[in-house]
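Descriptive structure summary
Listed below, chain by chain, are the residues.
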2 protein chains.
Amino acid sequence: MATIKDIAAKLGIAVSTVSKGLNGASDISDDMRQLVLDTAVEMGYASKKMKTLKSRKVCILVENMDYESIDQFGYELIVGFKLSAARKHWDVTVIPANLNMQAIEKYDTYMLKNGFSGAFLIGFALHDDWVKQLSKTTVPTVLFDNYIAGNNHVGYVGTDSFEGIQMAIDHLAGLGHKQIAFLNGSKNSMVSEQRHQAFVQSMEENKLEVKDSLIEYGYYVPDCAKYHVPKFLKQGATAIVCASDLIASGVIAEVKKFGLRVPEDISVIGFDDLPISNQLEPPLTTIRQDRIDLGKSALLLLDGLVHNVTISKLLLRAKFIKRESCSTYNPSAVKKIKSSVKKVDDPKDNPDSETES
Amino acid sequence: MATIKDIAAKLGIAVSTVSKGLNGASDISDDMRQLVLDTAVEMGYASKKMKTLKSRKVCILVENMDYESIDQFGYELIVGFKLSAARKHWDVTVIPANLNMQAIEKYDTYMLKNGFSGAFLIGFALHDDWVKQLSKTTVPTVLFDNYIAGNNHVGYVGTDSFEGIQMAIDHLAGLGHKQIAFLNGSKNSMVSEQRHQAFVQSMEENKLEVKDSLIEYGYYVPDCAKYHVPKFLKQGATAIVCASDLIASGVIAEVKKFGLRVPEDISVIGFDDLPISNQLEPPLTTIRQDRIDLGKSALLLLDGLVHNVTISKLLLRAKFIKRESCSTYNPSAVKKIKSSVKKVDDPKDNPDSETES
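Reading the values: the criteria
Within each chain, residues carry numbers counting from 1 in the order of the written sequence. Written order decides the labels, with chains lettered from A and ligands numbered from 1. With pLDDT at 70 or above as the cut-off, local features in this predicted model cover only qualifying residues; side-chain atom pairs require 80 or more to be listed or tallied, and sums for whole chains, interfaces and linings still use all residues. To obtain the side-chain values, all non-hydrogen atoms of the structure were used and water was disregarded. Strands here mean DSSP runs of E at least two residues long; helices mean DSSP runs of H or I at least four residues long; both are numbered from the N terminus. A 1.4 Å probe rolled over the protein chains alone gives each residue an accessible area, and that area as a share of the maximum for its type sets the label: buried under 20%, exposed over 50%, partly exposed in between. Criterion used throughout: strands pair if DSSP finds at least two bridges between them. By the criterion used throughout, a crossover qualifies as right-handed when its path from the first strand across the helix to the second strand runs clockwise, the strands pointing away from the viewer. Residues count as neighbours in contact if any of their non-hydrogen atoms are within 4.5 Å of one another. Computed with a 1.4 Å rolling probe, the buried area is the accessible surface lost when two parts are put together, summed over both parts. One side-chain nitrogen of Lys or Arg within 4 Å of one carboxyl oxygen of Asp or Glu is enough to make a salt bridge. A 3.5 Å cut-off defines polar contacts: any pair of N or O atoms within that distance qualifies, except that in protein one atom must be a possible hydrogen donor and the other a possible acceptor, and neighbouring residues in sequence count only when both atoms are side-chain atoms.

The name that an unreviewed UniProt entry assigns to chain A is LacI family transcriptional regulator, with the source organism given as Mobilisporobacter senegalensis.

Dropping the structure here:
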């Protein structure tokens, strides 16, 4: 591993200048500081302070996920992480990492400059700048719901999507539903892809026909329901599995707009078990992701990576939460469903906005 | 959770008798002790001692895996587990769990009777009695290389087989090999199934034809090579991927028997990176499973389960270890390979013996 001397030799400058650059002293130019930092990252430098257990400083980087209040997905992820970090006396900083910030500076440089010896990234997408850089990072990094191949310094934590979707389909199949629709999350996301595969496989295991026209990708917002639910209903779907509770809340509202009832006419299942799911009318049957435990597990994974235990994947169990949004298949509702959507025109195309859970 | 009083009430006996049964006192009959233990297990009883962190006592149960010497697969798994356990002041007992022992007593009863608050199971197969009971156990349990669906108390730790096999195929494809054979481990094992899927997918990703006749299941012993290698060679395989280093050692010996050279005529890749792999002639290129880290991760997972963090899967990265048993595809060898096996009769069918790595 490179030392301060190596960096000084490479740049042909004094060791004291390198030290100033690394430690944020004010009496060198910004350009010089940047050069020192970039070279340090390139040469794989890690300061002694960052390698010392007692003073470990890590961060949670948040992009495109709400976490300020207890009813939002990110809140408990952060609580769980901080709980476990406190036990190890690690110092945690939560930082919103917008796209601009990612464009200005490289991930490794940012981490080195701020003295973080590890990070937990939540809400990021595979195409984000910093995530793209993760295939080469040397900073121990845990990604929520995304996987980076071939880099020992990066691990993935998440809920077993496969198990979760399987529980949803098994429940609906057990209630006699055959025409089951799936309103998935954002396209080009690893988790959406996993859930799609799980949906197809679980339908087949239950000997139910998989219709491509009953599978759509939305975004993690209630609004996406209005673009897809009318089509599902037209095709005779009697149950709709949603990739998040927020999507499910939109689906329930949309179903009601057509004069249909949940669950008597249409059964709906969510994903996440956010606090909102218990307050919906009817209370939502859903697949729980235990966010406190996800946060705790992220810290545990990061601890492994920091100690060179190359964990690549850590999955938590999904939990089935039965409430009141599903009921047995009702053959007499099928005609009602189809006729209720007949009068309505085709919906518009997909929206442009995108948020992730 | 049931208390000693609940057990006494259910059985209609004195609390002191229940206490004697649970604590192994000698002044009650064996039948009574068994009845107390079975009832305690059935009612989900866990003693205070088992729930107290400081005195935690756990075990490693070993079935069908060698672990006595440093060159065997299980050795470092146990070392890694004990290393992390020592840091938490957990007491670890290693117990060979033969089939007879599993037939005599139920898993949960055994654990309760011996005061173990968790276990790490290595070398077990899905059809073993105690593994079959794991879908209902309430004892925090970590399984190496096997997965139990639907029970929050059981987790799976292993190396990412998919990544490992992919590395092997990518390497061979990069060397120009097209006819790549796969000698997998035992059939009906989760890991063998994962590796099979990985083989097929990686071949397809490299635009190579997958031939069913070049895929065989053996056992984790060198001897299985002689049943399959001649067939592979007859069909023009120029590279053989093996599910363990022991299998690879048998494959190299078998290839040499036909007057062929490794790697000039046939390339061979192992799996595991046991100490033997560096001593083979030629030294074996292989996919490393870091057994110390697997052991450490098993303890970490068990710690999670004990604290009701329902981790279901924890996967470590596979590592590609390049030595000398692979070389670039040699077109002039193909004729030599085929003619060298021509004189030899068809091999016998599969052997009956079975051991696992």
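Structural notes on unusual backbone geometry
Of note, the amide linkage connecting A:Val262 to A:Pro263 takes the cis form, showing an omega dihedral of 5°. Along the chain, the position of A:Pro263 falls in the loop between α12 (245-257) and β9 (267-272). Located in the positive-phi region is A:Lys207, a residue other than glycine, with phi close to 55°. Locating A:Lys207 in the fold gives a position in the loop between α10 (190-205) and β7 (215-217). Judged by relative accessible area, which is 76%, A:Lys207 ranks as exposed. Phi at B:His89 takes a positive value of approximately 60°, unusual for a residue other than glycine. Checked against the element boundaries, B:His89 lands in the loop between α5 (73-87) and β2 (91-96).

Quick notes on the pairing of strand β9 (residues 267-272) of chain B
Residues and elements named next belong to chain B. The element β9 is largely enclosed, with a buried count of six among its six residues. Sheet topology places strand β8 (residues 239-242) next to β9; three bridges connect them, and they run parallel. Bridge pairing in β9 links Val241 to Ile269. This β-α-β element, β8 to helix α12 (residues 245-257) to β9, shows right-handed connectivity.

Points about the environment of A:Ile215
Residues and elements named next belong to chain A. By the secondary structure assignment, Ile215 is in strand β7. The exposure class of Ile215 is buried, given its relative accessible area of 9%. Residues within four places of Ile215 in sequence aside, it is in contact with Phe182, His196, Phe199, Val200, Val210 and Phe232.

Brief notes about the interface of chain B and chain A
Interface size, as often reported, equals the accessible area lost upon joining of the parts. Between chain B and chain A, the residue contacts involve 24 residues of the former and 24 residues of the latter. Taking both partners together, chain B and chain A bury about 2000 Å²; carbon and sulfur atoms supply 46% of that area. Applying the counting criterion to the chain B and chain A interface returns two salt bridges. Close ionic contact of A:Asp160 with B:Lys313 constitutes a salt bridge, the shortest N to O distance being 3.7 Å. Where chain B meets chain A, there are 14 residue pairs in polar contact (both at pLDDT 80 or more). Elements supplying a minimum of two residues to the side of chain B that touches chain A: α13 (291-306) and β11 (311-316) of chain B. For the side of chain B that touches chain A, the element with the most residues is β11(B), which contributes six residues. Of the pairings in the sheet, the one linking strand β11 (residues 311-316) of chain A to β11(B) comprises five bridges and is antiparallel in character. For A:Leu316, the partnering residue across the bridge sits in β11(B) and is B:Ile311.

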